[in-house]
Amino acid sequence: MTKPFQFYRTRLIVSSVLVVLAASAPALVAQSQPTTPRPMTFLDMQLMNQQGAPTPSPDGKWMLYTVSFPDWKEARRQTDLFLVSTTEGLPSTRQMTFTTEKNETAPAWARDGQSFFFLSNREAPTTAATQTQLYRMRPDGGEAQRLTDARDGVSDFVVSRDGRWIYFRAGRAETRQLFRISTDKPAQGLPAAETLTRQPAGIDAWSLTRAGDRIYFTTADRADTDEKARRDAKFTVNIRNAETSLLGLWTLDLAPVAAKRLSPEGAYSVSGVTMSDDGKWVAFRGGSTKRYERNITSETMYSDLYLMEAESGHIERLTNNVEVGESGPSFSPDGRWLAFGAPDDTTRYSMTNGRVYLRAVVDRGTPFRKLDGGFDGDLNTGFWSPDSKSIYFNTGLKATTQLFALEVSQNEIRQITREAASVSVDRDDDSGMVLISYADGTTPTTVFTTTSLDSVGTRASWKQLTDTNPQVRGFALGSQEEITWTSKDGTKVGGVLHKPVGYQAGQRYPLIVAIHGGPASADILNFNGGYGAQVYAGAGYVVLRPNYRGSTNYGFKHKTDIVGDYFRTGYEDIMTGVDHLIAQGVVDGDRMGVLGWSAGGHWSNWILTQTDRFKAISSGAGTSNWISMYAQSDVQRNRQFYLGDKLPYDDHDAYWNQSPLKYIRNAKTPTMIHVVEGDPRVPSPQSVELHMALKQIGVPTELFMYPGSTHGIPDTRNQLLKSMSEMAWMDFYVRGKGEKFSWRDILATIPK
C-alpha cells in the first residue's frame, strides 16, 4: 500500500478561531484538529478546500483530481493535482504538484496510462491565465515536462484516442486558433506545434471525433475589429444586448488538413455541438438570429436542435419550440438513439416537469417519443448505460438528490440510490469507472467509486477516493433532518431542519428561517447549506430551510402553485413550518429571524410587509417592485410567467399587487439589505427602493452595496462581511446580544 503524502497543507493559524489547515491524508486529521470539537465559523466556510476534475486513467485503476486551496491574504485560490488508486482508495492519495504560487488544472491521461497532461502557469512571471502552458508528468512522480510555448497561453486541449497527438487551442481571447503537437518526445527542445486553423474570428468551441480524423468547431461569421479597437481606445461603454455575430459550424479534416463550413450562413447561431460515438452524426443547437433573443441569459431559449449526417452534410431541424428550451442532445453508445430533455409542455414557456424525448437517429422526419415513466419530477438525459438500454439521471427527490434509471423500451423508471443526502453519479465513457459525488450534514462533497452501475445502490460497495476537508471532523456540528408539515390549505410541505449543537429536547431555541433562491430550486440534505446553517447551529440557533411552494423536488403542482399568485402559498408554507416547530416545542416564537438571497430575498421582503412576528430580517438581492424589476432584470420571460403571463404594460395591477413595496406601510421589522451593485438578475435599484421606503417610515434598516456585476457576492472578504454582519443583526434583534454591526468584531476574526 502506498504511503499517503502530506497534502492538506498548512495555510493559516489564527488563535482560537481557526483549525490549523495543515496536512496530509487521514493521519494528519488528528494532528490538526483540537481535542474538543468547536463550532464552525463563517471564516471556516471561506477556508474550505474545493475538489474538482475527477479524471480516471484509461484502465480505471487511478484517478487524478484537483484541489483548490484558499489564499486568504491574496484573496484568491491556488490549485494542485492529486492522484489516488481506485482500488486502494484514500491511503494511496498522493499530491503530484506543489506550486504554492501557481496553478495546475485540466488533467488528462495519455492513452497508455504511463503519463498524464495538464495546464499550468508554473513558469510564468505572473499568475495570468495567458501564460498557461501544457505539461506532461509521470504518475510515479518526477519533474513535469513542458510541451508548449504558446505566446498567449494554451486555453484547452484534448489527447487523441490513438495517443499520437495533442490538439490544443491557444492565442489571444478574440482570435484563438487550433494547433497540434506529437506526443513523441523530440530529440531536444519542445515538440513542434502545427497551426491547424487561421479563422479571422478565432475558434469559439471545438470537439475532436473519437476516431481522431476531424474536428468540429464554431467560429463567428465576422471578426468585430471595431469592437476591439474601441475597447483598446478606452471607449468602455457597455451597450445593452449589443449586436453580436452569429456562430457558424465548421469541420476541420485532419488528413489532409482542410476546413469547411457546414451550417448555412445567417440561418442560426450554432452552439452545443455533440457527436455520436461512431462519428456518423452531429447534433447541435441553433440559436435565434434576432438581437434581443440571442443575448438573453439562457442559451436554450429561442433556440432549436438540429441533426447533421456527417457524410452527406444534410441538416435536419429536430424541434421548433420557440420559447421552450431543450437540453442535450445525447446519442446512445450504439449510435441507434438520439435523446434530449425538454419540458412536458413544449408549446409555450412553462415550469412543467422535465421529460426525455427519444427517436431513432436514422428515422428522419419522425416525431420524438416522450418518456416520463409516470414520474412526477424532472427527468434529464444524464448518461447512457453501456448497452444503450437505459438512461441514468440525477434529480431532486424532496430534500435529497438521487440517481434514477429510465428504461427506454419500457418507459419505466427505477430509483437507484436512497441516501439521506445529496448524491450525484456519473460514468466515465473511456474507463467505464463509476464516480459518485456525495454530501450530507456532516460530510462535505466527497468522491466515491464502486465496481459497476449495478452496485451504486449498495452503499457498502462504495470506496472513498477523496477527503478534501478533514478539518471538518474537528467541528462541532448540529444534527440535520428532513421534516414535513401541513400548510394552511392542507398541502404537505417539506424542508430541512438543523438543530443547534448540544440540542436538548424540551428546550426552546431561537430560530433562523433561511429561504432558498430560485424559486425553482430546493434545499437538500447537504453540508452547511442555507447560507451557513451549521454556523448558526454552532451559535445556538435552530435553522429551518423550507421548500415552500415554487420549489422543485416535490412534483409539478408544488412547483407551479405560485404562478399568477407568487407569494401567498409560499408565505403560508413558510409560516406554517414555523408554527409546526413552535408546536413541537423546538422554537421560541418570540425569538425568530428570517433571511434569504434572490427568491429568498423576495420572500423575506414579502414577510416584512405581511407580519411582525419576526424580530429581524436580512434581505439579499430581493425584489421590492415587480413593475420596475421587469425591465431591470435579465430574465423578463421568467418574471412574466410567474406573475400572470402578461406584460406589466398590459396588466399593471398584476405586478403591483404582488409587489412588497405596495404594502410597505405594514413593515415594522428591523431589516438589513444586501445586494451587488451591478447584479443583472435582481438589480440593485430594487434594494435601494426598499431601503428608502424603510427609512421614510422609520423602520431600522441598513443597506450594504457590494462591488461587482454578478448575482452573488464575488469576492471572499465581502462574502465573509455579509455573513458576519447578518448574524450580528440577528443576534442583536433576535437575542438581544452584541452590536448590530462592528468592524472591530469582523477584523478580529480574520487572519493577519
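First things first, this report covers the structure right here in the doc.

1. Regarding the overall build of the chain
Inference 1: Each helix and strand counted, the chain has 14 helices and 42 strands in total.
Inference 2: Relative to the compact-globule value of 27 Å for 752 residues, the chain shows a C-alpha radius of gyration of 27 Å, a close match.
Inference 3: By principal-axis analysis of the C-alpha atoms, the chain measures approximately 75 × 65 × 60 Å.
Inference 4: Relative to its 752 residues, the chain shows a buried fraction of 56%.

2. Considering the packing of aromatic side chains
Inference 1: A complete count under the given rule lists 39 aromatic pairs for this structure.
Inference 2: When the ring of phenylalanine 284 is compared with that of tyrosine 306, the centres are 5.5 Å apart and the planes differ by 10°; the resulting orientation is stacked. Of the two residues, phenylalanine 284 is situated in strand β19 (residues 281-287) and tyrosine 306 in strand β20 (residues 303-309); the sequence distance between them amounts to 22 residues.
Inference 3: A residue is classified by how much of its surface remains accessible, and tyrosine 306, at 7% relative accessible area, is buried.
Inference 4: Each ring, one from phenylalanine 393 and one from phenylalanine 404, has its centre 5.7 Å from the other, and the planes form 15°; the classification is stacked. Placement of the pair is phenylalanine 393 in strand β27 (residues 390-397) and phenylalanine 404 in strand β28 (residues 400-407), with a sequence separation of 11 residues. Considered together, phenylalanine 393 and phenylalanine 404 belong to a single accessibility category, that of buried residues.
Inference 5: Cluster of aromatic residues (ring-pair linked, three or more members): Tyr349, Tyr548, Tyr566, Phe567, Trp603, Trp606, Trp626, Phe641, Tyr642 and Tyr663.
Inference 6: A cation sits over an aromatic face here: arginine 122 above tyrosine 135, 5.5 Å from the ring centre.
Inference 7: For the cation-ring pair, arginine 459 lies above tyrosine 438, with the distance from its terminal atom to the ring centre recorded as 4.4 Å.

3. Concerning the environment of leucine 254
Inference 1: Turning to its location among the elements, leucine 254 is positioned in strand β16 (residues 247-254).
Inference 2: With a relative accessible area of 7%, leucine 254 lands in the buried category.
Inference 3: Spatially, the C-alpha atoms of leucine 254 and alanine 342 are 35 Å apart, while their sequence positions differ by 88 residues.
Inference 4: Dropping the residues within four chain positions of it, leucine 254 is found in contact with Tyr167, Arg180, Leu196, Leu208, Gly212, Asp213, Arg214 and Ile215.

4. Some details on the side chain of aspartate 731
Inference 1: As for its position among the elements, aspartate 731 is in helix α13 (residues 716-735).
Inference 2: The contacts of aspartate 731, once residues within four sequence positions are left out, are Tyr541, Gly736 and Lys737.

5. Brief notes about unusual backbone geometry
Inference 1: Residue proline 256 is reached from alanine 255 by a cis peptide bond, and omega for that bond is -5°.
Inference 2: As for its placement among the helices and strands, proline 256 is situated in the loop between β16 and β17 (257-261).
Inference 3: The backbone of alanine 106 shows a phi angle near 55°, a positive value even though the residue is not glycine.
Inference 4: Assessed through its relative accessible area of 35%, alanine 106 is described here as partly exposed.
Inference 5: Even without glycine at this site, lysine 398 takes up a positive phi of about 55°.
Inference 6: Mapping lysine 398 onto the fold places it in the loop between β27 and β28.

6. Some details on the pairing of strand β15 (residues 214-220)
Inference 1: Burial analysis of β15 places 5 of its 7 residues in the buried class, which makes it a mostly covered element.
Inference 2: Across 3 bridges, strand β14 (residues 206-208) lies against β15 in antiparallel orientation. Paired with serine 207 across the strands is tyrosine 216, a residue of β15.
Inference 3: Where β14 hands over to β15, the hairpin turn is made up of 5 residues, of which glycine 212 adopts a positive phi near 75°.

7. Quick word on the sheet that holds strand β7 (residues 116-120)
Across a sheet, strands are paired by hydrogen bonds formed along the backbone, either parallel or antiparallel in direction.
Inference 1: The strand order β6-β7-β8-β9 describes an open sheet built from 4 strands, whose pairing is antiparallel. Two strands close off the open sheet at either side, each with one partner strand: β6 (104-109) and β9 (141-146). Pairs of neighbouring strands in the sheet enclose a mean axial angle of 30°, with direction left out of account.
Inference 2: Relative to β7, β6 runs antiparallel, the two being bridged by 4 bridges. Following the sheet pairing, alanine 108 is matched in β7 by phenylalanine 117.

8. Section: the nonpolar core
Nonpolar side chains in soluble globular proteins generally cluster together in the buried interior.
Inference 1: With 87 residues, the main nonpolar core has Leu511, Tyr536, Tyr566 and Trp603 as its most contacted residues.
Inference 2: Here this core gets 8 residues from one element, more than from any other, and that element is α13.
Inference 3: Look past the residues within four positions of tyrosine 536 in its chain and what remains in contact with it is Phe42, Ile512, Tyr531, Tyr541, Val543, Leu595, Ser723, Glu726, Met727 and Met730.

9. Some points on the pairing of strand β30 (residues 422-427)
Within a regular strand, side chains alternate between the sheet's two faces.
Inference 1: As defined by bridge partners, β30 adjoins strand β31 (residues 434-440) across 6 bridges and the pair is classed as antiparallel. Bridge pairing in β31 links valine 423 to tyrosine 438.

10. So, the sheet that holds β15
Inference 1: Ordered by their spatial adjacency, 4 strands build an open sheet running β14-β15-β16-β17, and the pairing between neighbours is antiparallel. Looking at strand neighbours, the two that pair on one side only are β14 and β17, the edges of this open sheet. Neighbour-to-neighbour, the strand axes of the sheet open up by a mean angle of 20°, direction not taken into account.
Inference 2: As judged from the 7 bridges shared by β15 and β16, these two strands associate in the antiparallel manner. Along β16, the bridge assignment pairs phenylalanine 217 with tryptophan 250.

11. Brief notes about the environment of leucine 64
Inference 1: Position of leucine 64 among the secondary structure elements: in strand β3 (residues 62-71).
Inference 2: Exposure remark for leucine 64: the relative accessible area of 0% places this residue in the buried category.
Inference 3: Measuring from C-alpha to C-alpha, the distance between leucine 64 and isoleucine 697 comes to 58 Å, with 633 residues separating the pair along the chain.
Inference 4: Those residues in contact with leucine 64 that lie beyond four places of it in its chain are Ala53, Pro54, Thr55, Phe82, Leu83, Pro107, Trp109 and Phe116.

12. Examining the pattern of salt bridges
Inference 1: Inspection of the entire model under this criterion finds 45 salt bridges.
Inference 2: With a closest N to O distance of 2.8 Å, arginine 359 and glutamate 316 form a salt bridge. Placement of arginine 359 in strand β24 (residues 354-360) and of glutamate 316 in strand β21 (residues 315-317) is noted, with a sequence separation of 43 residues between them. We note that arginine 359, like glutamate 316, is buried.
Inference 3: Between arginine 681 and aspartate 634 there is a salt bridge, and its shortest N-O distance comes to 2.6 Å. One end of the pair, arginine 681, is in the loop between β41 (671-676) and α12 (685-697); the other, aspartate 634, is in the loop between α9 (626-632) and α10 (636-642), with 47 residues separating them in the sequence.
Inference 4: Residue classification places arginine 681 among the partly exposed positions, given a relative accessible area of 24%.

What counts as what
- Residues numbered from 1 in each chain as written.
- Predicted model: local features only at pLDDT ≥ 70, side-chain atom pairs only at ≥ 80, totals over all residues.
- Heavy atoms only, no water.
- Helix = DSSP H or I, 4+ residues; strand = E, 2+ residues; numbered from the N terminus.
- Rg over C-alpha atoms; globule rule 2.2 N^0.38 Å.
- Buried < 20%, exposed > 50% of the residue type's maximum accessible area, 1.4 Å probe, protein only.
- Phe/Tyr/Trp six-rings, centres within 6.5 Å; stacked < 30°, edge-to-face > 60°.
- Lys NZ or Arg CZ within 6 Å of the ring centre and 35° of its normal.
- Contact = heavy atoms within 4.5 Å.
- Pairing = 2+ DSSP bridges.
- Axes fitted to C-alpha atoms, helices over the stretch in contact; angles between N-to-C directions.
- Core = buried A, V, L, I, M, F, W, Y, C linked by side-chain atoms within 4.5 Å.
- Salt bridge = Lys/Arg side-chain N within 4 Å of Asp/Glu carboxyl O.

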